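Survey of secondary and tertiary structure
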Amino acid sequence: VYENFVTGLKNTIGDHKDWQLMICINFIPKYMDPTTVEGRKLFSDMCADMVKRLNGDEKLGITYWEIYNEVYFRKIAEDRSLWIMFNEAAKAMKAVDPNIKIGGYAPCWPSVPMIRDFYTHCHQNVDFLSWHKYLTGSVKTQTPYLMAMTPSFGKDVHAIRQMVNEVTPGKKLEYALTEFNISWNWKPHEPRQATHVGAVWLSSVFLHLINAELDISQLWHSRGGGTFGLFGDGNEPRPNAHLFYLCNKYVKGQYVDSQYSSPMVETLGFMNKNQYGVMVINKTDTAVTMHLDLLNAPQLSEDIYEGNTLLYTLNESGLKKEMVNFANGPMSIAMGPCEVRFYITASGEEAE
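Position numbers for residues start from 1 in each chain and track the written sequence from start to end. Since the coordinates come from a predicted model, pLDDT governs what is reported: local features require at least 70, and pairs of side-chain atoms require 80 or more to be given and counted, while whole-chain, interface and lining totals use all residues. Water and hydrogen atoms play no part in the side-chain values, which are based on all heavy atoms of the structure.

1. What to know about the sheet that holds strand 2 (residues 64-67)
By the convention used here, strands pair only if DSSP detects at least 2 bridges between them. Each helix is a run of DSSP H or I of at least 4 residues and each strand a run of E of at least 2, with the numbering of both proceeding from the N terminus. Pairing is parallel across the open sheet formed by six strands, whose spatial order is 1-2-3-4-5-6. Each edge of the sheet is formed by a strand with only one pairing partner; in this case those strands are strand 1 (22-25) and strand 6 (216-217). Inspection of the sheet shows strand 3 (residues 101-105) paired to strand 4 (residues 128-136) by three bridges, in the parallel sense. Looking at the pairing, Gly103 lines up with Phe128 of strand 4. Whether two residues touch is decided by their heavy atoms; if any such pair falls within 4.5 Å, the residues are in contact. Interaxial angles span 0 to 180 degrees and are taken between N-to-C directions of axes, which are lines fitted to C-alpha atoms, for helices over the stretch in contact. Each of strand 1, strand 2 and strand 3 is contacted by helix 3 (residues 81-96), which is oriented at about 165 degrees to strand 3, the strand it contacts most.

2. Comments concerning the packing of helix 2 (residues 37-57) against helix 3
Relative to each other, helix 2 and helix 3 sit at 35 degrees, their axes nearing to 8 Å. The way helix 2 lies across helix 3 gives a crossing that is right-handed. Residues Gly39, Arg40, Phe43, Ser44, Cys47, Ala48, Val51 and Lys52 of helix 2 form the contact with helix 3, whose own contacting residues are Ser81, Ile84, Met85, Glu88, Ala89, Ala92, Met93 and Val96. We call Asp, Glu, Lys and Arg charged. Ala, Val, Leu, Ile, Met, Phe, Trp, Tyr, Cys and Pro are nonpolar, and the rest, Gly among them, are polar. For the contact of helix 2 with helix 3, the class distribution of residues is 10 nonpolar, three polar and three charged. Should the near helix be turned anticlockwise from the far one by less than a right angle, the crossing is left-handed, and should it be turned clockwise, the crossing is right-handed.

3. Regarding the sheet that holds strand 11 (residues 309-315)
Strands pair in a sheet through their backbones, by hydrogen bonds, and they do so in one of two ways: parallel or antiparallel. As summarised here, the arrangement of the six strands in space is 7-8-9-14-11-12, forming an open sheet in which the pairing is antiparallel. Every interior strand has two partners, whereas the edge strands, strand 7 (254-256) and strand 12 (318-324), have only one. In this sheet, adjacent strand axes meet at a mean angle of 20 degrees when their direction is disregarded. Looking at chain direction, strand 11 and strand 14 (residues 339-345) are connected through five bridges and run antiparallel. If you follow Leu310 over to strand 14, its bridge partner there is Ile344. Contacts from helix 8 (residues 239-249) reach strand 9 (276-282), strand 11, strand 12 and strand 14, with the element oriented near 25 degrees to strand 14.

What follows is the structure, given as C-alpha cells:
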C-alpha cells in the first residue's frame, strides 16, 4: 500500500526540492526468510518494487537507500544470510534505477569488526556505510562524561574509514551516522536531549563529525517521542532544533583551521559565499572567559559603537540573537556555563 507513504514523502519534501531523503528498509517481514532462496527473493522483489514505485512511477528521485536497521546485535550468523540477502536486494534495486546509492548495515554501535565483516562480504554493492551510536542508557550518566566523549564520534569515522581502506584500497565511499543521540533508552527518557545541555552536546558532536569529514548525520529523531524529537508533541522547536537550523544555515561550505587549548571549550571556523564566522562551544558547567584570536580575516569596522557581527547565543535562557562588535585581533569572550555561540560576519567573497 503506497498511497499514504507517497503522500507523506511528498509532504516532507514540499517546496524543498534540494532536500535529500534516505529510505531505510528497516523491517524484514517474518515470511521473508533470509536463509532460503525463496525468502531472499521475496525481500529483493519488495525492495526493487519500492524503487520502481517511488523513483520510477512517482519520480521522487530518492538517491539514498539504507538496507537493514540494527540487525545482528551481538553476533553475526555463520551463514551470513543477511549479507547474502543484502547483495541480492542491492542488485535488484540497481537494476531498476542504477543511479541510486545503497548502504547499510546500520548496526546499533560502530563496532569496526562487525562492520568489517559486513563490508568484506558486501563491498561490491555498498555505496555508503552506516551505523548508529548512543553514549548511555542511564539518566544518571554524568554530563561531564557525555561532553568529554563527543570526540569519540569523530574517532569512529576515522576507524571505519581506515578499515575500508584496508579492505578496498582507493574505493570512494560515503559514511553515514544514520541514528544517534545521548541515550538509547526511553524507560525513562533522557531529559538532557530536550534541553540546552543536549544542544551544546550536539554542537560538539557536529564539530567532531565535520572535522572527521563525515558525509551524512541524522539525529534520532524529528518530532515527539518523549525527549528524542527536535520538536515536541506540540510542534514547539526545542534547543536542538534551533541548533540544526543555525548549523544548516551558516555552518557549511568551507571549514577553516581552528585550534583551542581546552578540550572542553571548542571552536569551529567556517566560510561560505555569504559569510564567515566561528562556532564557539563551552561544554563545562561553569562560566569561562576565553581569548579568541581571528587571523587572516577581512578587516571589520573599527567603530566600537557599530555592530558588525551577528551573534546567536544558545544557553539555559534559550536562543538570543543580537548584533555585536567583533573586534579584529585578540578579544575576550565571557561565556556562560553550557553555552554555544555563533559569530557570523561579513561576506565570504571578501574572506580568504
